Amino acid sequence: MTRIIATKPYDDQKPGTSGLRKKVPVFQQENYAENFIQSIFDALDGYKGKTLVLGGDGRFYNREVIQKVLAIAAANGFGKVMVGQGGILSTPAASNVIRKYKAFGGIILSASHNPGGPHEDFGIKYNIDNGGPAPEKITDAIFAKSKTIKEYKIADIGEIDIDRIGTVEAGGMTIEVIDSVKDYAELMESLFDFKALQKLFESGFRMRFDSMHAVTGPYAKEIFEHRLGAAEGTCRNFKPLPDFGRHHPDPNLVHCKHLYDEMMKPDAPDFGAASDGDGDRNLIIGKGIFITPSDSLAMLCANATVAPAYANGLAGIARSMPTSRAADRVAEKLGIGIYETPTGWKFFGNLLDAGKATICGEESAGTGSNHIREKDGLWAVLLWLSILAVRSESVQQVATKHWAEFGRNYYSRHDYEGVDSGRAHALMEELGGKLASLAGTSVRGLKIEKADDFAYHDPVDGSVSEHQGIRVHFEGGSRVVFRLSGTGTEGATLRVYIEHYEPPTGKLDKDTQKALADLIAAADDIAGIARHTGRDKPSVIT
Ligand code: G6P
Ligand code: ZN
């Protein structure tokens, strides 16, 4: 039986950079999740009888919302829902399932790298039939529906057993519980030379992969230890927990410091990597060397032909605007297109669909390719391993040779988290108001070439996205970018991205923070960071 439940709109269901993210108690308010799920369906057309893919990163509240989506999807007329066993699908795995089974779309329950637990974060995201995050046109429509919603439909289907693989009929809809890992592992096997990687591990290559008690645990175990024969113990923290073991499942140098420390020891393994809550981000650390996500993108692109999937070369490279321009130099050398998009993986979808870009990447630790429409943590690790296997070199050697050939983009991001939202916006507004007057002036001896507010004109569908961050370009190719985070759930987060280019003939082995010290000071002078935020230093430096 289907019931129609009267409800009242909430005014704060605006999807951010990557879906709707709020604290769990917010989602637990009466009809809050139900409203948003119904608003997603209300914003879509033509799904009757079609298939929806459903899964999440296993965080607290995942199971409850899985049941709600099943009941609301049945009442709204979906023909089938394919749900990951136990409600688990990593974000890249969900993207793959949507594409492989030609589903209408998918709902992914995740707050990515944000902590989980009864008082931590939860999220709901809608992906379209290409497997990628819904474009703004759709997320805007969802938000509009959420502001006027009066009722939602729900089928009385009771609690569905999502732990047993198989198919059941409920509320006039088919529910198929699928193996969360199998399709994804097969996809990876089709992209990479698993025999070559098996040989690498047979030769004694040692790796650590830290799943941070989040969703990639079962994927990593299956791929690295079972299919590739990496030693048992290669995978760490591989048991997904609803609260990620009370850690922050964000694979950066702060939250993965233990891995960094291990990789800097004299007897470190050859390769260290980690992924985030929902499995789309990656952290890459070689023995004695951390690779910034921006450099990783450039190095993966420069070497991609080592993997069978990219043996014929890349069509183009895309990066988000704040990502360093290291990849631009690779694209230039390869004679292929380079695209600069706003922050957010959704902006890569059109470029990938149109065949303009093959590999995409972001400074926020996301890298991926046209194999799906999300970034993919394990994919990045497998491509790195392929490079090390084929070149028979260490990460350090690959990086050193890359910089000697292309030059080095010293790069760092400074985050000011939990800043009062009004103050953060005031900073951006003040800065935005003086852009024209900055050009030609000098700060700390650095001459500003131009400054602008980044707007993106999508070359595929012509859509325009404005106010995507403020760029200040200096003479000589250095750059500082200011942007407010679109994923935070508390106050505002100011991100300052600092980049300095050193040509192949320059000094390529400086300490990053030292290499950027003048630019960092200039950034504060230009934007008045301390004055506006009341902070004298960033909360996180990556
Ligand atoms: C999510 C998106 C990424 C994006 C990142 C930026 O992880 O999936 O594509 O780069 O958010 O987050 P921010 O907090 O900087 O808006
Ligand atoms: Zn993520």
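Residues numbered from 1 in each chain as written. Chains lettered and ligands numbered in written order. Predicted model: local features only at pLDDT ≥ 70, side-chain atom pairs only at ≥ 80, totals over all residues.

Under an unreviewed UniProt entry, the protein has the name phosphoglucomutase (alpha-D-glucose-1,6-bisphosphate-dependent) and belongs to Manganibacter manganicus. Check the Catalytic activity (unreviewed entry) section of the UniProt entry for the protein; it says "alpha-D-glucose 1-phosphate = alpha-D-glucose 6-phosphate". (UniProt positions renumbered as here; feature names shortened; annotations may be inferred.)

**Let's talk about the UniProt feature "domain: Alpha-D-phosphohexomutase alpha/beta/alpha" (unreviewed entry) in the protein**
The residues that UniProt annotates with the feature "domain: Alpha-D-phosphohexomutase alpha/beta/alpha" (unreviewed entry) are residues 13-152, 183-285 and 294-406. Split by type, residues 13-152 is 38% helix and 24% strand. Its first and last C-alpha atoms lie 15 Å apart. With 45% helix and 16% strand, residues 294-406 has end C-alpha atoms that lie 13 Å from one another. (Helix = DSSP H or I, 4+ residues; strand = E, 2+ residues; numbered from the N terminus.)

**Observations concerning the sheet that holds strand 6 (residues 121-127)**
Spatially, 2-6-5-3-4-9-8 is the arrangement adopted by the seven strands of the open sheet, whose pairing is mixed. The two strands at the open ends of the sheet, each matched to only one other strand, are strand 2 (20-23) and strand 8 (166-170). On average, each strand axis in the sheet is inclined to that of its neighbour by 20°, with strand direction left out of account. Of the strand pairs in this sheet, strand 2 and strand 6 are connected by four bridges, and their pairing is antiparallel. From the neighbouring strand, Arg21 faces strand 6, where its bridge partner is Gly123. With respect to the sheet, helix 4 (residues 91-100) is in contact with strand 3 (51-56), strand 4 (80-88), strand 5 (105-109) and strand 6, its orientation differing from that of strand 5 by roughly 165°. (Pairing = 2+ DSSP bridges. Axes fitted to C-alpha atoms, helices over the stretch in contact; angles between N-to-C directions. Contact = placed C-beta atoms within 7 Å.)

**Thoughts on the confidence of the model for the protein**
Close inspection of predicted coordinates is inappropriate in any region flagged by low pLDDT. Across the protein, the average pLDDT comes to 96, with 100% of residues at 70 or higher. Interface scoring of the predicted complex returns ipTM 0.97; its pTM is 0.95. (pLDDT = per-residue confidence, 0-100.)

**What to know about the domain arrangement of the protein**
By the assigned domains, the protein splits into domain 1 (2-180), domain 2 (184-406) and domain 3 (408-541). One C-alpha centre belongs to domain 1, the other to domain 3; they are set 36 Å apart. Facing nine residues of domain 1, the contacting portion of domain 3 comprises four residues. The element that contributes the greatest number of residues to the side of domain 1 that touches domain 3 is strand 2, accounting for three residues. A per-class count over the side of domain 1 that touches domain 3 returns no nonpolar, four polar and five charged. (Domains from an automatic or database assignment. Nonpolar A, V, L, I, M, F, W, Y, C, P; charged D, E, K, R; others polar.)

**Concerning the environment of Thr167**
Topologically, Thr167 is positioned in strand 8. Expressed as a C-alpha distance, the spacing of Thr167 and Glu225, which sit 58 residues apart in the sequence, is 30 Å. What Thr167 contacts, discounting residues up to four positions off in sequence, is Thr174, Ile175 and Glu176.

**Remarks on the nonpolar core**
In this structure, Val81 and Cys301 are the most contacted members of the largest nonpolar core, which totals 124 residues. Ranked by residues supplied to this core, first place goes to helix 13 (residues 377-391) with 11 residues. When residues of this core are sorted by domain, at least three fall in each of domain 1 (2-180) and domain 2 (184-406). Apart from the residues lying within four places of it in its own chain, the contact partners of Cys301 are Leu314, Ile317, Ala327, Val330 and Ile359. (Core = buried A, V, L, I, M, F, W, Y, C linked by C-beta atoms within 7 Å. Buried ≥ 20, exposed ≤ 12 C-beta atoms within 10 Å, placed from the backbone.)

**Focus: helix 15 (residues 421-433)**
Given a rise of 1.5 Å per residue, 13 residues ought to cover 18 Å, and the 18 Å separating the end C-alpha atoms of helix 15 matches this to within 8%. Of the positions making up helix 15, those classed as buried are Ala424, Leu427, Met428 and Leu431. One side of helix 15 holds all its buried residues, which, seen down the axis, span an arc of 90°. When the buried face of helix 15 is taken as reference, the exposed residues oriented beyond 90 degrees from it are Gly422, Glu429 and Gly433. Contact partners of the buried residues in helix 15: strand 19 (408-419), strand 24 (470-474), strand 25 (479-484), strand 26 (492-502), helix 18 (517-527) and helix 19 (529-533). (Expected span 1.5 Å × (residues − 1). Arc of directions from axis to C-beta.)

**Observations regarding the sheet that holds strand 16 (residues 337-341)**
Strand order in the open sheet formed by four strands is 16-15-17-18, with mixed pairing between adjacent strands. The open sheet terminates on both sides in strands that have one partner only, identified here as strand 16 and strand 18 (366-369). Adjacent strand axes in the sheet meet at a mean angle of 15°, parallel and antiparallel pairs treated alike. Here four bridges tie strand 17 (residues 359-362) to strand 18, and the two strands are oriented antiparallel to one another. Within strand 18, the residue paired with Cys360 across the bridge is Gly368. Those strands touched by helix 10 (residues 293-303) are strand 15 (316-320), strand 17 and strand 18, and its axis lies near 165° from that of strand 17. Sheet contacts for helix 11 (residues 326-334): strand 15, strand 16 and strand 17; angle to strand 15, the most-contacted strand, approximately 165°.

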